[in-house]
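Read off the chains here:
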Amino acid sequence: DTEVTQTPKHLVMGMTNKKSLKCEQHMGHRAMYWYKQKAKKPPELMFVYSYEKLSINESVPSRFSPECPNSSLLNLHLHALQPEDSALYLCASSQGSEAGGGVTQYFGPGTRLTVL
Amino acid sequence: AQKITQTQPGMFVQEKEAVTLDCTYDTSDPSYGLFWYKQPSSGEMIFLIYQGSYDQQNATEGRYSLNFQKARKSANLVISASQLGDSAMYFCAMREVNTGTASKLTFGTGTRLQVTL
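Residues numbered from 1 in each chain as written. Chains lettered and ligands numbered in written order. Predicted model: local features only at pLDDT ≥ 70, side-chain atom pairs only at ≥ 80, totals over all residues. Heavy atoms only, no water.

Caption draft 1: Highlighting the pattern of salt bridges. Applying the stated rule across the entire model yields six salt bridges over all chains. Asp85 of chain A is paired through a salt bridge with Arg63 of chain A; the nearest N and O atoms lie 2.7 Å apart. Linking Asp85 of chain A in the loop between strand E8 (73-79) and strand E9 (87-94) with Arg63 of chain A in the loop between strand E6 (53-57) and strand E7 (64-70), this pair joins segments that are 22 residues apart in sequence. Take Asp85 of chain A: its relative accessible area is 2%, and that puts it in the buried class. Between Lys73 of chain B and Asp26 of chain B there is a salt bridge, and its shortest N-O distance comes to 3.4 Å. Of this pair, Lys73 of chain B sits in the loop between strand E8 (64-69) and strand E9 (74-79) while Asp26 of chain B sits in strand E4 (residues 24-26), and the two are 47 residues apart along the sequence. (Salt bridge = Lys/Arg side-chain N within 4 Å of Asp/Glu carboxyl O. Helix = DSSP H or I, 4+ residues; strand = E, 2+ residues; numbered from the N terminus. Buried < 20%, exposed > 50% of the residue type's maximum accessible area, 1.4 Å probe, protein only.)

In structure tokens:
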């Protein structure tokens, strides 16, 4: 089973709202990722958690705040977003092992975010 | 710095025919990994196939095979017997090695494949 789930599927929010995106995996993976994808572009890495610790922050604005409550869950808290933050937000996970396919990232279906 | 190049913005293929999607890469690391992902219009990125730089044989997964030519730094995806459901965006990606247990991917710009009757 290589399933990563994300909720909600769609989210519309105003610039003053606070919302959260959720991601869950039950594959025992120890690395989890947040990506942002604009239309007709490749995904851009935002954050990486390895063994529940933040290991990579790609200079993401502080209005995006990641959280990893446990090894299966990853949240992305949103506050005071701008219209240009509207995008598809993808979560992914990988085993966290260096060996072969252990580095493969498995993606969730994404959350389509619209900021008004 | 690592770089992935996909020179075909769009491709058409007839149903049941084979198609090759091109991917070239540039890296100074001796150890790296190459991936292909499929992204239908629904948005989910679906993992298709992986090739490690030290793997002796080209990777295959069902109808997907990876034509890995290390000296040319190319990792083309071959889809055999195309199906209508193969219509999607396809991304080539490479793993940066020195990221510990997590894997940081560099993506190409993608190729949109359209399968026709």
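Caption draft 2: Layout of the nonpolar core. Counting residues in hydrophobic clusters, the biggest one holds 24 residues, and the most contacted among them are Tyr25, Leu34, Trp36, Ile49, Leu77 and Tyr90 of chain B. Mapped onto this core, the elements with two or more residues apiece are strand E3 (19-21), strand E5 (33-39), strand E6 (46-52), E8, E9, strand E10 (88-96) and strand E12 (111-116) of chain B. Examining the composition of this core, we find that four residues originate from one element, E10 of chain B, more than from any other. Excluding anything up to four places from it in sequence, Tyr90 of chain B contacts Gln6, Leu21, Trp36, Tyr37, Lys38, Leu48, Leu77, Ile79, Gly110, Thr111 and Leu113 of chain B. Judged by nonpolar contacts, the second largest core, of 23 residues, contains Cys23, Leu74, Leu81 and Ala87 of chain A. (Core = buried A, V, L, I, M, F, W, Y, C linked by side-chain atoms within 4.5 Å. Contact = heavy atoms within 4.5 Å.)

Caption draft 3: Region of the structure containing the interface of chain B and chain A. Facing the 22 residues of chain B at the interface are 29 residues of chain A. The interface formed by chain B and chain A contains one salt bridge. Here Lys104 of chain B and Glu58 of chain A are joined by a salt bridge, their closest N and O atoms 3.1 Å apart. Run the count over chain B and chain A and you get four residue pairs in polar contact (both at pLDDT 80 or more). Breaking the side of chain B that touches chain A down by element, the ones donating at least two residues are E5, E6, E10 and strand E11 (104-107) of chain B. In terms of residue class, the side of chain B that touches chain A is made up of nine nonpolar, 10 polar and three charged. (Polar contact = N/O pair within 3.5 Å; in protein donor to acceptor, adjacent residues only side chain to side chain. Nonpolar A, V, L, I, M, F, W, Y, C, P; charged D, E, K, R; others polar.)

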